[in-house]
Amino acid sequence: MILEWLGDAVLLLVVLPVVIYLLRGVLDAARGIVPSVDRITTAARAGSKDLDAAPLLLTTQTQVVKTIEAAANYGGSLDVILDDVKGA
Amino acid sequence: MPAASVVLIIAVVAIVAAVVYYLVSTIFALRQITTGLDGAIGAVVEIIEKTVPVNEIVTSINQNLDAGVDLLEGLLVKKAGISDAVGLVEGLYPGAAAEGLRNFPDSREVTAPRIGEVYTRGTLTLARLGREAPIAAASPMGPALRNPPYGSAAARALYPGGRPERPENLPRSPVIGADSPEQYDPNEEVGGPRKRMPVAQEGS
């Protein structure tokens, strides 16, 4: 009988607090991750929105090609119009 | 049932209840994490999809710009010479002469002349041409000074009533010689105004 009371005391005074402590630690850790994940999601969505202008690079590419073509045309004309430097 | 057994059962039930409560709470927290990660993954996938063509496009842009730099550097050195070319680049971008021209490694050893003393008038002329060129219409400095499609508008403004045409009858060139109809008499005209010849009529 004494052993049964002793076992009950161990369960209530030792096992139960230890179980609650450990499980609360796991729960706090899991809940601590949630805000971090929310911030990551917000940052990723903002980054994705910032890249909405990326397709404009196609326009930039086209404009660069046109600009270089125009420069090449002017350069060809200048090459004909202007004399080369002496000794070249 | 002995009291000790009852207490044992109560203790076990309490432990199980605590385990269930905390585990269920943990499950809900993990589900929130999963939902948040799904959103983050979706946004990251969007980022990846949007940046896929960037590398290719930027590489293409750089290749075209490299070709432009090669063209302009080559033309500048060909026309102005390596020394003046470096001086001109230094004049436009102070400190650039230290890096030299990309396709002309020797340009780093060239002492850049003070291009302002060499090209002052030419630079000013070019600057004015650039200011008045049609491309300057898109310049942040304002519209072009000259309106290329209507370049004669300013000249026409000098004659608001219409540009005058030549007079119908102008004195004809005098006939000179001993048998000319109008003889020049030095005794009459020396020191006086020149006598106007009569206007010859059409058909005469």
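This one's a predicted model, so the numbers in the text were calculated from it and none came from an experiment.

**Student:** Please explain the overall build of chain B as it appears in this structure.
**Tutor:** When you go through chain B residue by residue, the secondary structure sums to seven helices and zero strands. Reading the secondary structure of chain B in the N-to-C direction produces α-α-α-α-α-α-α. Here chain B holds 204 residues, and the buried ones make up 8% of them. Within chain B, contacts between residues at least 6 apart in sequence are counted, and of these 49% link residues at least 24 apart.

**Student:** Help me out: how do you make sense of the overall build of chain A in this one?
**Tutor:** When helices and strands are tallied, chain A shows two helices and zero strands. Sorting the 88 residues of chain A into buried and exposed places 5% on the buried side.

**Student:** Explain the interface of chain B and chain A to me, please; I cannot follow it from the model alone.
**Tutor:** Size of an interface, as often reported, equals the accessible area lost when the parts are brought together. Tallying the contact residues gives 41 residues for chain B and 45 residues for chain A. Of all the secondary structure elements, the ones that give two or more residues to the side of chain B that touches chain A are helix 1 (3–51) and helix 2 (54–92) of chain B.

**Student:** Got a minute to help me understand the packing of helix 2 (residues 56–81) of chain A against helix 2 of chain B in this structure?
**Tutor:** At their nearest, the axes of helix 2 of chain A and helix 2 of chain B sit 10 Å apart, and the two run at 15° to each other. Taken together, helix 2 of chain A and helix 2 of chain B sit at an angle that is classed as roughly parallel. You can see that helix 2 of chain A and helix 2 of chain B cross each other, and the crossing is left-handed. Side by side, helix 2 of chain A and helix 2 of chain B meet where Leu57, Leu58, Thr60, Gln61, Val64, Val65, Ile68, Ala71, Ala72, Gly75, Leu78 and Asp79 of chain A of the first sit next to Val54, Ile57, Ser60, Ile61, Asn64, Leu65, Ala67, Gly68, Leu71, Leu72 and Leu75 of chain B of the second.

**Student:** Can you help me understand helix 1 (residues 2–50) of chain A in this one?
**Tutor:** Owing to its 3.6 residues per turn, the α-helix brings residues three or four apart onto one side. The terminal C-alpha atoms of helix 1 of chain A lie 72 Å apart, and with 49 residues this matches the ideal 72 Å at 1.5 Å per residue to within 8%. Of all the bends in helix 1 of chain A, the greatest, near 35°, is centred on Leu11 of chain A.

**Student:** Would you take a moment to explain the nonpolar core for this structure?
**Tutor:** Soluble, globular proteins show a tendency: their nonpolar side chains are buried together. All names here are of chain B. In terms of nonpolar packing, the biggest core is built from ten residues, these being Leu76, Val77, Ala80, Ala85, Val86, Leu88, Val89, Ala97, Leu101 and Ala112. Take this core: its biggest share by element is seven residues, from helix 2. With residues up to four places along the chain from it excluded, the contact list for Ala97 reads Val86, Val89, Glu90 and Ala112.

**Student:** Got a minute to help me understand the confidence of the model for chain B in this structure?
**Tutor:** All names here are of chain B. The pLDDT averaged across chain B works out to 76; a share of 64% of its residues lies at or above 70. Across chain B, the element-wise mean pLDDT spans from 52 in helix 5 (residues 120–132) up to 92 in helix 1. Between residues 130–139, whose pLDDT stays under 50, and residues either more than four places distant or in other chains, the model counts twelve contacts. Predicted complex, confidence summary: ipTM 0.72, pTM 0.52.

**Student:** Got a minute to help me understand helix 2 of chain A in this structure?
**Tutor:** Its 26 residues give helix 2 of chain A an end-to-end C-alpha distance of 37 Å, which sits within 8% of 38 Å, the value for a rise of 1.5 Å per residue. Here helix 2 of chain A lies mainly on the outside; two of its 26 residues are buried.

**Student:** I tried to follow the environment of Asp106 of chain B on my own but got confused; where do I start?
**Tutor:** All names here are of chain B. Along the chain, the position of Asp106 falls in the loop between helix 3 (96–99) and helix 4 (115–118). Taking the number of C-beta atoms within 10 Å as the measure of exposure, Asp106 has 10 and is therefore exposed. Residues Asp106 and Ile82 lie 24 residues apart in sequence; the distance between their C-alpha atoms is 8.7 Å.

**Student:** Mind showing me how you'd approach the packing of helix 1 of chain A against helix 1 of chain B here?
**Tutor:** Helix-helix packing: each pair is described by the crossing angle between the helix axes and the interaxial distance. Across the interface, helix 1 of chain A lies against helix 1 of chain B with an axial gap of 8 Å and an inter-helix angle of 10°. Considered as vectors, helix 1 of chain A and helix 1 of chain B are oriented roughly parallel to each other.

Parameters at a glance
- Residues numbered from 1 in each chain as written.
- Chains lettered and ligands numbered in written order.
- Predicted model: local features only at pLDDT ≥ 70, side-chain atom pairs only at ≥ 80, totals over all residues.
- Helix = DSSP H or I, 4+ residues; strand = E, 2+ residues; numbered from the N terminus.
- Buried ≥ 20, exposed ≤ 12 C-beta atoms within 10 Å, placed from the backbone.
- Contact = placed C-beta atoms within 7 Å.
- Axes fitted to C-alpha atoms, helices over the stretch in contact; angles between N-to-C directions.
- Parallel < 35°, antiparallel > 145°, perpendicular 65-115°, else oblique.
- Left-handed = near helix turned anticlockwise from the far one by under 90°.
- Expected span 1.5 Å × (residues − 1).
- Bend = angle between axes of the 7 residues up to and from the residue.
- Core = buried A, V, L, I, M, F, W, Y, C linked by C-beta atoms within 7 Å.
- pLDDT = per-residue confidence, 0-100.

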